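What follows is each chain in one-letter form.
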Amino acid sequence: MTKVILISQVPLPYSKIGSWTTLYKNYLEQKHHIDYIICEKPDFLFDGVQYEFVKANMITKVKKRILKNPYVAYLEALKKILEGNEKCVIQIIDNFGIVKPLLAFLNKNNLRDNCYLQFFYHGFPPFYENFHGRWFFESIDEMVLLTHDSYKAHRDYYSILPTRFSVLHNGIDISKFYPLSSSDKLKKREEKGIQDKKIFVWCAQDRPKKGLHIILDAWKRFYKQFSNTELWVIGCEPKQPIKGVLYYGRIPNDELSHYFQISDCYLFPTLCHEGFGLSLIEALHCGLYCIASHEGGVPEVLQYGKYGKLIEEPHFVTEWENAMVEFMKHPKQFDSISNHLYTTDSWNKGMNNIIMNAKISLT
């Protein structure tokens, strides 16, 4: 029997909001193929999976300092799980730092040939420089990315890329994120007093790379023409007052769909190579018209314009102003997103396939 071990830097279940931790939560509550989780002790445990807890006591801190290895507790926990010639699949999430000490541990204990290392990367661009990163790709057995475009970016950047690749798109719970019927949407909009307005939404953490400052600049110009509109800013505390802009601060993910479902247009002005854009697919599944930056994995998520308008020059304020004006005057028609695309069900099935293929590679 091949064991599947997930090494997590955060306790699982995770008490805070996180895209991949939410996906694993959904996965581990369904039919899954994870046997063990190595992590710090969470507030409660998943059923149907065994744990090996990472100790965070004074002895561990001393060991980290003496051995100059911040992952010593994870490796000690792993050693308790691995037995003899038993084969295992080890999953690592975005933790580039653990790979070298993990590889040294496996080689020292003559376990490397029995282990298949899967590295899940939720960014988009290559992490290491070309020649300096070769050791990493020689060390792992498979890298799992969020988009095919990210794979192409890796393939085109590295001169030598000696590992397997797979793609696993993010997914959301469409029992929470779905479009309302026309009558239900109108009723809820009337309750909020916005039935005669067009509602735009921006939702992200308040960081410069998320592009809110670009949208607010565009909004000042746009609102002079279309005062029967509102911009709802979610995830950001109030800034200097701007006409037509309402700040909602942080909203629990379980409540986010209520805002999306009664809105009209979602703005995703990322100014970085976004790995995927989870809020973008939440908005899509709620039936919103989406305007997004042509950056990172976003074009693939929107299937290169099939599911939304892509802004080729997202750093230009006028591009966003023009796109919003176009939405008000002559909105384009986009295909409705499939109920089978970017869902937790499709993610769960994809994860099971990735694990099963890894097990086959070990045989």
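Here, the structure is the one placed above.
Figured I'd write up the structure that's included with this text.

## Quick word on the sheet that holds strand β3 (residues 50–53)
Note on sheets: strands pair through backbone hydrogen bonds, and any given pair is parallel or antiparallel.
Phase 1: Strand order across the open sheet formed by 7 strands is β3-β2-β1-β4-β5-β6-β7, with parallel pairing between neighbours. The open sheet is flanked by β3 and β7 (164–167), the only strands paired with a single partner. Across the sheet, the axes of successive neighbouring strands diverge by a mean angle of 20°, strand direction being ignored.
Phase 2: As paired strands, strand β2 (residues 36–39) and β3 are joined by 4 bridges and run parallel to one another. Counterpart to Y36 in the pairing with β3 is Q50.
Phase 3: Packing against the sheet, helix α4 (residues 99–108) makes contact with β4 (88–93) and β5 (115–120), and its axis sits at approximately 175° to β5.

## Section: the sheet that holds strand β10 (residues 245–249)
Phase 1: Read across the sheet, 6 strands follow the order β10-β9-β8-β11-β12-β13 without closing on themselves; strand pairing throughout is parallel. Of all strands in the sheet, those bounded by a partner on one side alone are β10 and β13 (309–311). For this sheet the average axis-to-axis angle between neighbouring strands, irrespective of direction, equals 20°.
Phase 2: In this structure, strand β8 (residues 198–203) lies alongside strand β11 (residues 265–268), joined through 3 bridges in parallel fashion. Directly across from V201, in β11, lies its bridge partner Y266.
Phase 3: Helix α10 (residues 278–285) contacts β8, β11 and β12 (289–293) of the sheet and is inclined by roughly 170° relative to β11.

## Quick notes on the side chain of Q91
Phase 1: Looking at where Q91 falls in the secondary structure, it is placed in strand β4.
Phase 2: The buried category is assigned to Q91, whose relative accessible area is 0%.
Phase 3: Once residues lying within four places of it in the same chain are set aside, the contact partners of Q91 are I5, L6, I7, Y24, I34, Q118, F120, M351 and I355.

## A short note on the pattern of salt bridges
Phase 1: Inspection of the entire model under this criterion finds 13 salt bridges.
Phase 2: As a salt-bridge pair, E86 and K3 come within 2.9 Å of each other at their nearest N and O atoms. In this pair, E86 is assigned in the loop between α3 (72–81) and β4 and K3 in strand β1 (residues 3–7), connecting sequence segments 83 residues apart.
Phase 3: Residue classification places E86 among the partly exposed residues on the basis of a relative accessible area of 26%.
Phase 4: The class for K3 is buried, based on a relative accessible area of 9%.
Phase 5: Across the salt bridge formed by E274 and K210, the nearest N and O atoms sit 2.9 Å from each other. Of this pair, E274 sits in the loop between β11 and α10 while K210 sits in the loop between β8 and α8 (212–225), and the two are 64 residues apart along the sequence.
Phase 6: Residue classification places E274 among the buried positions, given a relative accessible area of 12%.
Phase 7: In this structure K210 comes out as buried when scored by relative accessible area, which is 16%.

## Overview of the state of the cysteines
Phase 1: This model, assessed by the stated rule, comprises 0 disulfides.
Phase 2: Considering cysteine sulfurs only, C290 is the nearest to C286, which forms no disulfide, with 9.5 Å between them.

What counts as what
- Residues numbered from 1 in each chain as written.
- Predicted model: local features only at pLDDT ≥ 70, side-chain atom pairs only at ≥ 80, totals over all residues.
- Heavy atoms only, no water.
- Pairing = 2+ DSSP bridges.
- Helix = DSSP H or I, 4+ residues; strand = E, 2+ residues; numbered from the N terminus.
- Axes fitted to C-alpha atoms, helices over the stretch in contact; angles between N-to-C directions.
- Contact = heavy atoms within 4.5 Å.
- Buried < 20%, exposed > 50% of the residue type's maximum accessible area, 1.4 Å probe, protein only.
- Salt bridge = Lys/Arg side-chain N within 4 Å of Asp/Glu carboxyl O.
- Disulfide = S-S within 2.5 Å.

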